[in-house]
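Given next are the chains, with one letter for each unit.
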Amino acid sequence: MDIRFATPTSREQLWALLAEAAEIEHHLMCCYLYAAFSMKERVDEDLSEAELEAVRRWRREIIAVGVEEMGHLAAVCNILSALGAPAHFVHQNFPIPAGYHPAGVVVKLAPFNPQTLAHFVFLERPVDSDVRDGEGFEPARRYARALDMDRLMTVCTDYDTVGELYQSVIAGLMSLCEALGERQLFVGNPDHQLDAHVTRLPKLKPVRCLKTAMEAIDCIVLQGEGASVCGGDSHYQRFRRIQQEYDALLAARPTFRPARMSAHNPVMRPPPTPEGKLWVSEEPAAALLDLANALYNHCLRCLSLAYGGFDRTTQSSLVDATIELMHLLTPVASMLGCLPANPCMPEATAGVSFATIRSSAALTADVVSLEILAERLEQIARRCDGLMQPHPDLASLLASTRDGTQRLANRLRGLAAESREQTASAPSVSAHSMAARSTAAPSTAAQPTVAATTTTTTTTTLSDAPPQPIPLEDGVERIPGAHIDLIYNGKRCIHARHCVLGLPGVFIANVEGPWIAPDAATTEELVTVAHMCPSGAIGYRRHDGGAEEAPPPVNLVQLRENGPLGIRADIVLDGVRIGTRAVLCRCGASKHKPFCDGTHNEIAFRAGGERDTIERHCRCATGRCTSIRNTTARSSCVATWKSVAARAARSIASRTRVFAAAAAPPTSHSATARTGATGSTATRDLTRDRSQSVSL
């Protein structure tokens with residue numbers, strides 16, 4: 001095959017090339033998250049309100065790109081699994097030494113700044129683009145790696161962009177399909193792979209053949225890495241947009257600094273080669289870095305075990321544990337950016353180093369592995385307890401992390417107990433294997449549910465009181481439950497009261513402190529009430545593998561009389577998906593725009609589409625009536641409805657069609673009015689179309 005890219009000539013060579021692709025995706029994810037965690041979060045960090053809004057938006061965008069890199073990593077692992085190899089989650093510690101990647105692929109941890117952002121653009125550049133790397137990211141030395149792959153042992157190859165790396169993978173897949181046959185090449189079990197249903201990564205699919213492998217690679221490349229024609233949502237274009245906004249804010253205020261002075265390449269121990277690294281030796285940063293890296297490594301441990309061949313329910317639980325650990329890591333990593341790192345460099349703050357451990361190989365797909373995972377989580381929870389007394393300023397963060405890890409440990413122990421019960425009742429299991437299992441760990445079959453699970457290795461227990469919320473981004477909170485977590489966004493709440501009236505035992509009104517108790521109702525009851533919340537203030541994450549919330553079959557916009565616009569669709573706000581439910585301000589006075597906050601009631605906003613009731617003097621011949629009520633001036637109603645429909649149309653992307661008939665008076669078939677006795681609860685459905693993302 002006459003191509004300019006190196007072509008693997010054996011399964012082993014192809015495995016090695018895919019392992020490097022997995023490490024590239026993993027390294028990029030860590031670099032993006034490190035930059036996002038370094039960004040400022042408050043106006044008292046020398047930011048104006050407008051600057052803080054931009055920084056928060058950039059942080060969300062970069063974290064979203066990092067999540068997509070995790071999706072790319074999972075897709076590469078699916079290809080590896082399809083080819084008969086294990087998933088690959090190990091990587092070199094930062095900074096990546098010369099020779100591990102091509103000379104032009106420099107990978108190191110750095111805080112968010114113009115140079116780092118330029119480096120991200122360079123790494124994600126299309127194959128045919130001419131983009132310069134950021135200052136300070138020049139290779140320490142120039143070198144070339146072998147292009148021939150005709151040895152028995154695996155060799156490294158050169159590539160200029162990530163897109164070129166995947167071109168070599170494609171060449172190897174096609175060449176080996178021709179040499180071995182497609183069926184002989186793709187020998188892995190698809191059940192060992194991850195998919196969109198398990199991970200909630202919408203584009204992740206199992207790989208079964210050459211066609212599905214090529215589709216997985218196309219998804220990676222077209223999302224940004226090396227795509228010849230990058231769409232507006234590619235990583236390359238998204239970083240370019242941030243770059244343009246950053247330049248504009250710098251021009252307006254040259255002293256604008258969106259990130260803290262986080263260290264470049266922080267390390268946990270004194271490095272034998274200190275060049276380009278900073279040892280985090282100052283407390284409490286050193287202890288918190290140890291905790292952050294433990295959470296990160298356990299996240300990888302859970303994810304690698306999900307590829308091990310467990311049943312679907314266990315696999316889903318392991319992926320949920322991975323996601324939850326990343327959520328626990330985020331506030332810890334962000335706090336590191338606020339803490340001094342080393343007295344020799346007092347201006348530098350710490351950061352998570354994403355250091356890996358030597359014993360990071362995947363565990364076996366066995367119930368004992370679940371108990372080992374729970375044991376480690378309990379150890380992390382105890383460490384959080386032990387750090388609270390010497391570091392009281394971090395008590396809230398440590399308590400949330402402790403509660404989260406202990407809850408995960410309880411869940412995994414409950415899963416292990418259930419697995420042991422099923423194994424004990426299975427007639428096909430031999431007495432010898434059962435004896436081996438019974439000596440591996442003490443039986444926990446007496447534990448009735450995950451929520452009731454307790455252990456003797458920690459002082460943390462679960463009670464009937466509402467759990468402590470776990471803070472996420474922008475004031476959003478996650479309220480953990482045994483079978484489902486609830487997500488609460490107070491800024492989106494419009495006090496529709498479906499929650500407190502529908503499940504008063506879960507949503508406890510008029511109390512101080514935690515007020516949401518997910519374990520006080522069934523999963524389906526909680527899901528039902530969440531779907532009733534019009535503003536999207538209540539969301540959820542299931543642990544049972546059940547379906548997550550999906551957009552409605554048709555997009556729906558509801559115009560509320562004298563009130564906001566209610567939207568149900570796949571909603572994209574400023575390029576970020578915000579869920580399927582939202583209530584948007586129509587009066588212009590909300591303090592949380594674009595979302596409604598109820599201010600329309602305070603300012604007596606009126607825009608009902610009806611003409612106000614007026615009094616007119618009677619013109620009848622008898623003169624017996626003094627006045628009459630007139631509410632049927634059609635010309636005024638038509639003009640008002642045209643104005644209202646135009647406002648709604650401007651709030652929705654062009655892909656969502658607003659019926660022209662919506663401009664008709666309320667008696668039109670396309671605008672249905674349901675008005676109560678007082679006429680104060682009218683709701684008009686203006687827009688119905690096939691379900692697509694609604695961009696606002």
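Relevant structure appears above.
Model, not experiment: these values are computed from the prediction.

1. Concerning the overall build of the chain
Alright, step 1. Scanning the chain from N- to C-terminus turns up 17 helices and 15 strands.
Alright, step 2. When the 696 residues of the chain are sorted by exposure, 50% land in the buried category.
Alright, step 3. Within the chain, contacts between residues separated by at least 24 positions form 69% of all contacts whose residues are at least 6 apart in sequence.
Alright, step 4. By element, 54% of the accessible surface of the chain is carried by carbon and sulfur atoms, the whole surface being about 32500 Å².

2. A few points about helix α3 (residues 114–123)
Alright, step 1. With eight of 10 residues buried, α3 is to be regarded as a mostly interior element.
Alright, step 2. Among the residues making up α3, those that are buried are Thr 116, Leu 117, Ala 118, His 119, Phe 120, Val 121, Phe 122 and Leu 123.
Alright, step 3. Along its buried surface, α3 packs onto α1 (11–37), α4 (162–180) and α8 (235–252).

3. Brief notes about the packing of helix α9 (residues 285–306) against helix α10 (residues 312–336)
The axes of two packed helices give the description: the angle between them and the distance between them.
Alright, step 1. Between α9 and α10, whose axes approach to 8 Å, the crossing angle comes to 160°. With respect to their mutual orientation, α9 and α10 come out roughly antiparallel. In the crossing of α9 with α10, the sense of the turn from one axis to the other is left-handed.
Alright, step 2. The residue makeup of the contact of α9 with α10, split by class, is 22 nonpolar, three polar and no charged.

4. Re the packing of aromatic side chains
Alright, step 1. If you walk through the whole model with that rule in mind, you get 12 aromatic pairs.
Alright, step 2. A ring pair is formed by Phe 507 and Trp 515, whose centres lie 6.2 Å apart and whose planes are at 55°; its orientation type is tilted.
Alright, step 3. The class for Phe 507 is buried, based on a relative accessible area of 2%.
Alright, step 4. Taken together through their ring pairs, the aromatic side chains of Trp 58, Phe 112, Tyr 246 and Phe 256 make up a single cluster.
Alright, step 5. Here the basic side chain of Lys 108 rests over the ring of Phe 137, its NZ or CZ set 5.0 Å away from the ring centre.
Alright, step 6. Stacked on the ring of Phe 122, the Lys or Arg Arg 125 has its end atom at 3.8 Å from the ring centre.

5. Digging into helix α11 (residues 367–388)
Alright, step 1. Taking 1.5 Å of rise per residue, the 22 residues of α11 would be expected to cover 32 Å, and the 33 Å separating its terminal C-alpha atoms lies within 8% of that figure.
Alright, step 2. For α11, the N-terminal cap is Asp 366; the gap from its side-chain oxygen to the backbone nitrogen of Val 368 is 2.9 Å.

6. A short note on the pattern of salt bridges
Two side chains that carry opposite charge are able to pair once their charged atoms sit near each other.
Alright, step 1. All chains considered together, the criterion is met by 26 salt bridges.
Alright, step 2. Across the pair Asp 44 and Arg 42 runs a salt bridge whose closest N-O atoms are separated by 2.9 Å.
Alright, step 3. Classification of Arg 42 as partly exposed rests on a relative accessible area of 39%.
Alright, step 4. Here Glu 324 and Arg 478 are joined by a salt bridge, their closest N and O atoms 3.1 Å apart. Of this pair, Glu 324 sits in helix α10 while Arg 478 sits in strand β6 (residues 476–479), and the two are 154 residues apart along the sequence.
Alright, step 5. Here Arg 478 falls in the buried class, since its relative accessible area comes to 1%.
Alright, step 6. Each of the salt bridges in this network shares a partner with another, and the network as a whole consists of Glu 41, Arg 42, Asp 44, Glu 45, Arg 59 and Arg 260.

7. Topic: the sheet that holds strand β8 (residues 538–542)
Alright, step 1. Spatially, β5-β6-β7-β8 is the arrangement adopted by the four strands of the open sheet, whose pairing is antiparallel. Each end of this open sheet is capped by a strand with a single partner; those strands are β5 (470–471) and β8.
Alright, step 2. The pairing of β5 with β6 spans two bridges and is classified as antiparallel. Its bridge partner lying in β6, Ile 470 is registered against Arg 478.

8. Looking at the packing of α9 against α11
Alright, step 1. One can describe the packing of α9 onto α11 by two numbers: an axis separation of 11 Å at closest approach and a directional angle of 165°. Of the possible angle classes, the one that applies to α9 and α11 is roughly antiparallel. Here α9 and α11 pass one another in a crossing that is left-handed. Along the contact surface, α9 presents Ala 287, Asp 290, Leu 291, Ala 294, Leu 295, His 298, Arg 301, Cys 302 and Leu 305, while α11 presents Ser 369, Leu 370, Leu 373, Arg 376, Leu 377, Ile 380, Arg 383, Cys 384 and Leu 387.
Alright, step 2. The class makeup of the residues in the contact of α9 with α11 is 12 nonpolar, two polar and four charged.

9. Some words on the side chain of Arg 402
Alright, step 1. Tracing the backbone shows Arg 402 in helix α12 (residues 395–425).
Alright, step 2. Classification of Arg 402 as buried rests on a relative accessible area of 17%.
Alright, step 3. At 2.9 Å, the side chain of Arg 402 forms a polar contact with the side chain of Asp 403.

10. Considering unusual backbone geometry
Backbone phi values are negative for most residues with the exception of glycine, while trans is the configuration of most peptide bonds.
Alright, step 1. That bond from Phe 94 to Pro 95 is cis: its omega, -5°, falls within 30 degrees of zero.
Alright, step 2. Tracing the sequence through the fold places Pro 95 in the loop between α2 (49–82) and α3.
Alright, step 3. Here Lys 593 and Pro 594 are connected by a cis peptide whose omega angle stands at 15°.
Alright, step 4. Of note, Pro 594 is situated in the loop between β11 (576–584) and α16 (599–602).

11. Focus: the state of the cysteines
Alright, step 1. Per the counting criterion, the structure on display carries zero disulfides.
Alright, step 2. Cys 209 provides the cysteine sulfur closest to Cys 177, a residue in no disulfide bond, and the two sulfurs are 8.7 Å apart.

12. Let's talk about the nonpolar core
One broad trend across soluble globular proteins is that nonpolar side chains are buried collectively.
Alright, step 1. Grouped together as the largest cluster of nonpolar side chains are 133 residues, with contacts concentrated most on Phe 112 and Phe 354.
Alright, step 2. Formed by 20 residues, the second largest nonpolar core is a distinct cluster that contains Cys 493, Cys 499, Val 500 and Ile 516.

13. Some points on the environment of Tyr 34
Alright, step 1. With respect to the secondary-structure elements, Tyr 34 resides in helix α1.
Alright, step 2. Sequence-wise, Tyr 34 and Ala 110 are 76 residues apart; in three dimensions their C-alpha atoms are separated by 7.0 Å.

Definitions and cut-offs
Residues numbered from 1 in each chain as written. Predicted model: local features only at pLDDT ≥ 70, side-chain atom pairs only at ≥ 80, totals over all residues. Heavy atoms only, no water. Helix = DSSP H or I, 4+ residues; strand = E, 2+ residues; numbered from the N terminus. Buried < 20%, exposed > 50% of the residue type's maximum accessible area, 1.4 Å probe, protein only. Contact = heavy atoms within 4.5 Å. Areas by Shrake-Rupley, 256 points an atom, 1.4 Å probe, with all protein chains shown as cover. Axes fitted to C-alpha atoms, helices over the stretch in contact; angles between N-to-C directions. Parallel < 35°, antiparallel > 145°, perpendicular 65-115°, else oblique. Left-handed = near helix turned anticlockwise from the far one by under 90°. Nonpolar A, V, L, I, M, F, W, Y, C, P; charged D, E, K, R; others polar. Phe/Tyr/Trp six-rings, centres within 6.5 Å; stacked < 30°, edge-to-face > 60°. Lys NZ or Arg CZ within 6 Å of the ring centre and 35° of its normal. Expected span 1.5 Å × (residues − 1). Polar contact = N/O pair within 3.5 Å; in protein donor to acceptor, adjacent residues only side chain to side chain. Salt bridge = Lys/Arg side-chain N within 4 Å of Asp/Glu carboxyl O. Pairing = 2+ DSSP bridges. Disulfide = S-S within 2.5 Å. Core = buried A, V, L, I, M, F, W, Y, C linked by side-chain atoms within 4.5 Å.

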